[in-house]
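The chain contents come next:
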Amino acid sequence: MDGTELFHQQRIYMPQAGDGSSAHMVLGPDKKLGLLRDTSIQPMSALIDNFEIPLQNNQSTVTIEVKLSYQPRPGNVYPIHTIVKEIYGVR
Amino acid sequence: MTHPFVLQLILSFLLMSFLGMEANAMNSADSQVGSISELVKLFDSTSCKECHKEIFDQWSKSHHARPLMGLDDQIFLKKYLKTGPLAVTDLNQVTNRSIPCFKCHLPQIRYASDAAVVEIVSAILDDNKETIRKLNIGCLVCHNEKGIVRGKPATNTLYGNKDIPDHPEFPVHKSGLLKDSLMCGQCHGLGPVLDYEHPVQCATLYGSYLHAYIPAGGTETCQECHMPDKNHYMPPNFNNRQEVSELLAKALTLDVKTLAYVFEPVEDWATPKIIVRTTITSVAGHRIPDG
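Here the residue index of a chain counts from 1 through its sequence in written order. Ligands are numbered from 1 and chains lettered from A, in the order in which they are written. Thresholds applied to this predicted model are a pLDDT of at least 70 for local features of residues and 80 or more for the giving and counting of side-chain atom pairs; totals over whole chains, interfaces and linings are not thresholded and use all residues.

Enquirer: Teacher, can you tell me more about the overall build of chain B here?
Expert: Under the DSSP-based scheme used, a helix requires at least four consecutive residues in state H or I and a strand at least two consecutive residues in state E, with every element numbered from the N terminus. Secondary structure summary: chain B contains 12 helices and four strands in total. We call two residues in contact when their backbone-placed C-beta atoms lie within 7 Å. Counting only contacts in chain B whose residues sit at least 6 apart along the sequence, the fraction spanning at least 24 positions is 58%.

This is how it looks when you write it as structure tokens:
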């Protein structure tokens, strides 16, 4: 375990609005009209995702850190959960 | 010499007439106030705190007490009125119907004349926070203007959860709406707001509540989660970062499962890998995030 970051991936869950006249996603209440896609977390349901992390053969211990946060604007982060797991090599 | 009792009666009558005039103005579609100060006075709820201090204090910390101020005490509308589809290029063209955002961020706007709206828009463009902070969604907005949805709200009337005929100033009439999610849904959004020249889309929480939460078997109202024990603070308060994080953590659980194994779909082509499976479960009454 030398602190090297092996893998980093972000998933964005949010309603994705169009402007009512194209398939281009827009931001801001003054531009949004309708939804093109909605990947937000829906009420009373579970949102399941899978992340596949390839390893090198010589990696024996890996630390997995999963963070869930709310970001109304880029960089404006409200932390929600952080879960850390240690994985001691592939059996 | 005037008898003191007569004088007292005359004063009482004058006071009642004055209050009556204000209440009439509050509910008459013909009454269009001409300035910000008149609009503020028309919906002034400060007298409510004399008896409802705790509720007033809760409300005064909520976003309803500053509906035109965004995060960190900024006038959020300023950027939208300066550039983009809602940009105001000529104040002479501004009318009561020009700014769709006011429909929910200042519902009492329908009692404002075009001149009063121009004054509000000018204050926003000038970043006049002192003036804009005076405009709020106070007691009278929810307990009169938004207190019923069938017909117009009655004059000299407050709406609440029970009848209180001898309530000071105005009687309280029971309105079942106050406990229903529709009360909040009047502003907290179905989707596109199309009844303006420049349509907008802001909150869609009520649409999500109706079309996702209820079909999934949800039974709680907006008020049960956001106004427990009738608390008028109505979180989230996005200026309180820790509180928002805690509220979201309560609404969303995160579970992480891992599997470390060797993937070998073809002989001698082995790839060690880790599968991380995340499960986010929501008990909220609407999508997260929204807007």
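Enquirer: What exactly am I supposed to notice about the overall build of chain A here?
Expert: Scanning chain A from N- to C-terminus turns up zero helices and five strands. Against the 2.2 N^0.38 benchmark of 12 Å for 91 residues, chain A shows a C-alpha radius of gyration of 18 Å, more extended than a compact globule. Exposure classification rests on a simple neighbour count of other C-beta atoms within 10 Å of a residue's own: a residue reaching 20 or more is buried, one at 12 or fewer is exposed, and one in between is partly exposed. C-beta atoms are placed from the backbone. A total of 91 residues make up chain A; the buried ones form 12% of that total. The long-range share in chain A, meaning contacts at least 24 apart out of those at least 6 apart in sequence, stands at 30%. The reference for a compact globule is 2.2 Å times residues^0.38; the radius of gyration itself is calculated from the C-alpha atoms.

Enquirer: Sorry, what's going on with the interface of chain B and chain A here?
Expert: Note: interface size is frequently given as the accessible area lost on complex formation between the parts. Taken together, the 48 residues of chain B in the interface contact 41 residues of chain A. Top contributing element to the side of chain B that touches chain A by residue count: strand β4 (residues 269–282) of chain B, with 12 residues. Here the nonpolar group is Ala, Val, Leu, Ile, Met, Phe, Trp, Tyr, Cys and Pro; Asp, Glu, Lys and Arg are the charged ones; every other residue, Gly included, is treated as polar. Class assignment of the residues belonging to the side of chain B that touches chain A gives a composition of 28 nonpolar, 15 polar and five charged. With nine bridges joining them, strand β3 (residues 46–54) of chain A and β4 of chain B adopt antiparallel strand pairing. Bridged to P54 of chain A within β4 of chain B is K273 of chain B. When DSSP locates at least two bridges between a pair of strands, those strands are taken to pair.

Enquirer: Whenever I open this one, the sheet that holds strand β3 (residues 252–266) of chain B confuses me. Can you help?
Expert: What links the strands of a sheet is backbone hydrogen bonding, and the strands pair in either a parallel or an antiparallel sense. The strand order across the open sheet formed by three strands is β3(A)-β4(B)-β3(B), and the pairing between neighbours is antiparallel. Every interior strand has two partners, whereas the edge strands, β3 of chain A together with β3 of chain B, have only one. Strand-to-strand twist of the sheet, defined as the mean angle between neighbouring strand axes without regard to direction, takes the value 20 degrees. In the sheet, β3 of chain B pairs with β4 of chain B via 13 bridges, with the strands oriented antiparallel. Each bridged residue has a counterpart across the sheet, and for D255 of chain B the counterpart in β4 of chain B is T279 of chain B. A fitted line through C-alpha atoms serves as each axis, taken over the contacting stretch for helices, and the angle formed by two N-to-C directions is quoted from 0 to 180°.

Enquirer: Quick question: what am I supposed to make of the pairing of strand β4 (residues 61–73) of chain A here?
Expert: Regular strands show a simple pattern: their side chains alternate between the two faces of the sheet. All names here are of chain A. In terms of strand pairing, β4 meets strand β5 (residues 76–88) through 11 bridges, oriented antiparallel. Pairing of K67 across the sheet is with T82, part of β5. Hairpin connection, β4 to β5: the antiparallel pair is bridged by two residues, and G75 has positive phi, about 90 degrees.

Enquirer: Please explain unusual backbone geometry as it appears in this structure.
Expert: Residues and elements named next belong to chain B. In this structure, P236 follows P235 across a cis peptide bond, with omega equal to 15 degrees. Phi is positive for K230, which is not a glycine, with a value near 65 degrees. By the element assignment, K230 lies in the loop between α11 (222–226) and α12 (241–251). Positioned with a positive phi, M234 is a non-glycine residue whose angle comes to about 50 degrees.

Enquirer: Looking at this model, I keep getting lost on the confidence of the model for chain B. Mind explaining?
Expert: Reading fine detail from the predicted coordinates is not recommended where pLDDT is low. All names here are of chain B. A score from 0 to 100, pLDDT tells how confident the predictor is in each residue. Residue-level pLDDT values for chain B average 90, and 89% of them are 70 or greater. Under a pLDDT of 50 for its full length, residues 1–25 has, in the predicted model, 10 contacts with residues more than four places off or in other chains. Interface predicted TM-score (ipTM) for the complex: 0.95; the corresponding pTM is 0.89.

Enquirer: How do you make sense of the environment of D268 of chain B when you look at a structure like this?
Expert: With respect to the helices and strands, the residue D268 of chain B is situated in the loop between β3 and β4. Sequence spacing of D268 of chain B and L178 of chain B is 90 residues, and the spatial spacing of their C-alpha atoms is 68 Å.

Enquirer: What is the right way to look at the nonpolar core in this model?
Expert: If you look at soluble globular proteins, the nonpolar side chains tend to sit buried side by side. Residues of type Ala, Val, Leu, Ile, Met, Phe, Trp, Tyr and Cys that are buried and joined through C-beta atoms within 7 Å form what is called a nonpolar core. One finds L39, L68, L77, A116, I124 and I132 of chain B to be the most contacted residues of the largest nonpolar core, which totals 40 residues. Of all the secondary-structure elements, those providing two or more residues to this core are α2 (36–42), α4 (77–82), α6 (114–125), α8 (139–145), α9 (181–185) and α10 (205–213) of chain B. Once you skip the residues sitting within four places of it in the chain, L68 of chain B turns out to touch I75, L77, H105, L106, I132 and L135 of chain B. Counting residues in each nonpolar core, the second largest holds eight residues, with I41 of chain A together with I280, A284 and I288 of chain B among its members.

Enquirer: I tried to follow the environment of Y13 of chain A on my own but got confused; where do I start?
Expert: All names here are of chain A. Along the chain, Y13 falls in the segment before β1 (15–17). Distance from Y13 to S40, taken between C-alpha atoms, is 4.5 Å for residues 27 residues apart in sequence. Other than its neighbours up to four places away in sequence, Y13 contacts T39, S40, I41 and L47.

Enquirer: Which parts of the structure should I look at to understand the environment of N156 of chain B?
Expert: Here N156 of chain B is to be found in the loop between α8 and β1 (158–160). Residue classification places N156 of chain B among the partly exposed residues on the basis of 15 C-beta atoms within 10 Å.

Enquirer: How should the confidence of the model for chain A be read in this particular structure?
Expert: Residues with a pLDDT of 70 or more make up 98% of chain A, whose mean pLDDT is 93. Model confidence for chain A, summarised as mean pLDDT per element, is weakest for β4 of chain A at 95 and strongest for strand β2 (residues 35–38) of chain A at 98.

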